[in-house]
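Notes for the structure review
What follows is each chain in one-letter form.
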Amino acid sequence: MSRERPRAIQASTVMQAVAGLNASRLIMVPVERVHIRETFNPRGRHTTDEEAFNEADLRALGENMRDHGVIQPIVVTADEHDQFHLVAGERRLRAARLVGLTELPAMLSSSPDAYRTAVMENLHRQNLNVVDETFAVLQLLSEDTRLSLDQLPAALRNAERHPETDPHQLQEHLRGYGVTHFSSWARH
């Protein structure tokens with residue numbers, strides 16, 4: 001019985017497929033030049049940083065990265081001043097800083113909607129506090145439907161009661177964000 005070897009693919013194809021980004025290259029970035037945008041990561045936005053970023057867990061992650069390398073690069077965008085802005089990988093960045101790593105591998109993203117990429121990446125992570133997750137989903141719904149945050153509760157209730165006449169396709173959007181229990185969302 002002969003076994004066929006897996007077909008090799010180009011690194012750029014892997015980066016685009018894994019990150020879902022138009023990532024053009026993998027670079028090493030100095031951690032001091034990577035800035036965290038407060039609104040990009042829903043973790044800790046409506047809860048405390050201690051809940052979202054436990055120092056002991058971050059230290060363990062940082063030591064593991066120092067000892068064994070970084071398995072998954074962070075994702076950044078670059079500005080005209082040669083500074084980097086984090087899109088994904090805040091735990092890895094915080095862990096690297098905590099243990100004194102000076103640089104990290106990063107995928108340089110050219111995605112025009114880095115905010116959406118960052119929020120979606122975090123919504124699909126485990127251990128996201130329900131409060132942070134709820135506000136992130138509501139913000140995305142607001143952007144996708146052009147409804148204000150004040151208009152969303154009534155629209156969600158209407159979509160639950162009359163899904164066939166949902167002009168904003170709220171259930172479809174929520175499923176796309178990974179929300180599977182629409183009726184529990186619409187009641188709040």
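A short tour of the structure in this document, coming up.

Details of the overall build of the protein chain
A tally of helices and strands in the protein chain yields nine helices and five strands. Each helix and strand of the protein chain, placed in order from N terminus to C terminus, yields the pattern α-β-β-α-α-β-β-α-β-α-α-α-α-α. With 188 residues in all, the protein chain has 39% of them scored as buried. Intrachain contacts of the protein chain at a sequence separation of at least 6 include 71% that bridge at least 24 residues.

Some details on the pattern of salt bridges
Scanning the entire structure with this criterion turns up three salt bridges. Of the charged contacts, one joins Arg33 and Asp82 as a salt bridge, the two residues approaching to 3.5 Å between their closest N and O atoms. Taken together, the residues span a long stretch of sequence, with Arg33 in the loop between β1 (23-30) and β2 (34-35) and Asp82 in the loop between β3 (74-78) and β4 (84-88) at a distance of 49 residues. Residue Arg33 is classed as partly exposed on the basis of its relative accessible area of 25%.

Looking at the pairing of β3
Across the five residues that make up β3, a large majority, four, are buried. Where β3 lies against strand β5 (residues 103-109), three bridges are found, and the strand directions are parallel. Its bridge partner lying in β5, Val75 is registered against Met107. Where β3 meets β4, four bridges bridge the pair, whose relative direction is antiparallel. Pairing of Ala78 across the sheet is with Phe84, part of β4. Counting the residues in the hairpin turn of β3 and β4 gives five residues, including Asp82, whose phi is positive at 65 degrees.

Here is what the cut-offs are and how they apply
Residues numbered from 1 in each chain as written. Predicted model: local features only at pLDDT ≥ 70, side-chain atom pairs only at ≥ 80, totals over all residues. Heavy atoms only, no water. Helix = DSSP H or I, 4+ residues; strand = E, 2+ residues; numbered from the N terminus. Buried < 20%, exposed > 50% of the residue type's maximum accessible area, 1.4 Å probe, protein only. Contact = heavy atoms within 4.5 Å. Salt bridge = Lys/Arg side-chain N within 4 Å of Asp/Glu carboxyl O. Pairing = 2+ DSSP bridges.

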